[in-house]
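# Chain and residue survey
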Amino acid sequence: MDVDLKKDGIERCARIFNTQKYNVHDGPGVRTLIFFKGCPLRCKWCSNPEGLRSDCQVMMKKNACINCGLCVGVCPKKIHYMENGVHKINRDITCIGCRKCEKACLQNAIEIVGEDKTISEIMDIVREDKDFYLMSGGGLTVGGGECSNQAESLKSLLEASHMDGINTAIETCGYMSQKSLDLIKDHVDLFLFDIKQMDPVKHKYWTGVNNERILRNLAYLLENGHKVRVRMPILKGVNDSKEEIMAVVDFLEDYKCFKNFDGIDLLPYHRYGVGKYGQLDMEYPMDKEMEGEFGLSGEELDRIQKWIDEENIEVNLVRH
Ligand code: SF4
Ligand code: SF4
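Keep in mind that this is a model prediction, so the values were computed, not measured.

So, about the UniProt feature "binding site: S-adenosyl-L-methionine" (unreviewed entry) in the protein. The feature "binding site: S-adenosyl-L-methionine" (unreviewed entry), as given by UniProt, occupies W45, C46, S47, G145, D194, I195, K196 and H270 in the numbering adopted here. Its place among the elements puts S47 in the loop between β4 (31-36) and β5 (57-60). When you line up the elements, G145 lands in the loop between β10 (139-143) and α5 (151-163). Not counting residues up to four positions away in its chain, the partners in contact with G145 are F17, F36, G38, C39 and G51.

Given below as structure tokens:
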């Protein structure tokens, strides 16, 4: 069976913004992570702000810039410009990802995020660690952003991985159309599926979208035999109350005995991505929220874990 990597005679590409090898947190065994660019959600705590937009973007280490203007001269889109001798970026113009500015900058102040790679090129990266996958039961995990935003490319990559005998997992916010879900579902060995909040109003406030479609997709996968591990980002004052945790447990009540339900991962809040917001001229949304700490102590996390465990659901704390 041939894998459909071509469309209109051109090999299919995916726009990615990162790759990570030897990951042991996002699926079983040792894994290679591929991050697809673009996401329909805007979770205020997102630690990958460079994965939100689908277009290529300039990340600037402002402290490294000496305002020499070399990038200004090479940018075909006039995204870089000088104002009173100071280098600036026009974020309203779409970057075409040519990387001329990145190459021109002698200070290494510029990083372009977003690169279109063919499925074969991505598979070359994934295949490098095939021996580790075989030894550890690992494989490929595709995340983002939201990988289903590029559903055709995702399908091709997952298919190619299976053709190579490599296990597949995806990390997903679950906000995808039935058409996208149908396209990919049979090529995914494990769905790492987020539940961020059961209350639809709060969900919309914290992520920018309603959770109806997400919960419908989750139920569909569980009811149709697809292996799912639920993941819950946990933030103090956002979704850590007993009432909120039990609402998730209640939703999963009918499925917890299913063989294809793989338990829950708790993902404690962290601020690792904050620096990247500045490099993209973005504000970190959590800093605009009410006063307070969103991180939880070990004791608080243990308590949440116990609530879930007492309902006979396997629960695991993931620390990245
Ligand atoms: S990647 Fe190309 S289009 Fe984008 S900012 Fe740099 S030079 Fe301009
Ligand atoms: S080339 Fe580099 S150092 Fe010079 S203005 Fe552009 S970003 Fe700054």
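Once that is clear, we can look at the environment of V228. Relative to the helices and strands, V228 resides in strand β13 (residues 228-234). Using a relative accessible area of 0% as the deciding quantity, one classes V228 as buried. Placed 186 residues apart in sequence, V228 and R42 show a C-alpha to C-alpha distance of 23 Å.

Those places that UniProt annotates as "binding site: [4Fe-4S] cluster 2" (unreviewed entry) correspond, in this numbering, to C65, C68, C71 and C105. What stands out for the annotated residues spanning 41 residues is how close their C-alpha atoms remain, the widest pair being 10.5 Å apart. Along the chain, C68 turns up in the loop between β5 and α1 (70-74). Its relative accessible area of 45% is what places C68 among the partly exposed residues. Assessed through its relative accessible area of 11%, C105 is described here as buried.

Our next topic: the pattern of salt bridges. Opposite charge on two side chains makes pairing possible when the charged atoms of those side chains draw close. All told, the structure shown has 28 salt bridges when counted by the stated rule. The closest approach of N and O atoms between K185 and D186, which form a salt bridge, is 3.9 Å. Look at K185 and you get buried, because its relative accessible area is 13%. When its relative accessible area of 55% is taken as the criterion, D186 is described as exposed.

With that settled, consider α5. Here α5 is 13 residues long and its end C-alpha atoms lie 18 Å apart, about the 18 Å a rise of 1.5 Å per residue gives. Burial within α5 is extensive, with 10 of its 13 residues counted as buried. As for α5, its buried residues are in contact with β3 (13-23), β4, α3 (119-127), β10, β11 (167-172) and α6 (178-184).

Attention now moves to the packing of helix α9 (residues 242-252) against helix α11 (residues 298-309). Orientation of α9 relative to α11, taken along the N-to-C sense of each, is 35 degrees, at an axis distance of 10 Å. Here α9 runs over α11; the crossing is right-handed. Contact residues: α9 offers K242, I245, M246 and V249, while α11 offers I304, W307 and I308. The residue inventory of the contact of α9 with α11, partitioned by class, reads six nonpolar, no polar and one charged.

About the criteria used
Residues numbered from 1 in each chain as written. Chains lettered and ligands numbered in written order. Predicted model: local features only at pLDDT ≥ 70, side-chain atom pairs only at ≥ 80, totals over all residues. Heavy atoms only, no water. UniProt positions renumbered as here; feature names shortened; annotations may be inferred. Helix = DSSP H or I, 4+ residues; strand = E, 2+ residues; numbered from the N terminus. Contact = heavy atoms within 4.5 Å. Buried < 20%, exposed > 50% of the residue type's maximum accessible area, 1.4 Å probe, protein only. Salt bridge = Lys/Arg side-chain N within 4 Å of Asp/Glu carboxyl O. Expected span 1.5 Å × (residues − 1). Axes fitted to C-alpha atoms, helices over the stretch in contact; angles between N-to-C directions. Left-handed = near helix turned anticlockwise from the far one by under 90°. Nonpolar A, V, L, I, M, F, W, Y, C, P; charged D, E, K, R; others polar.

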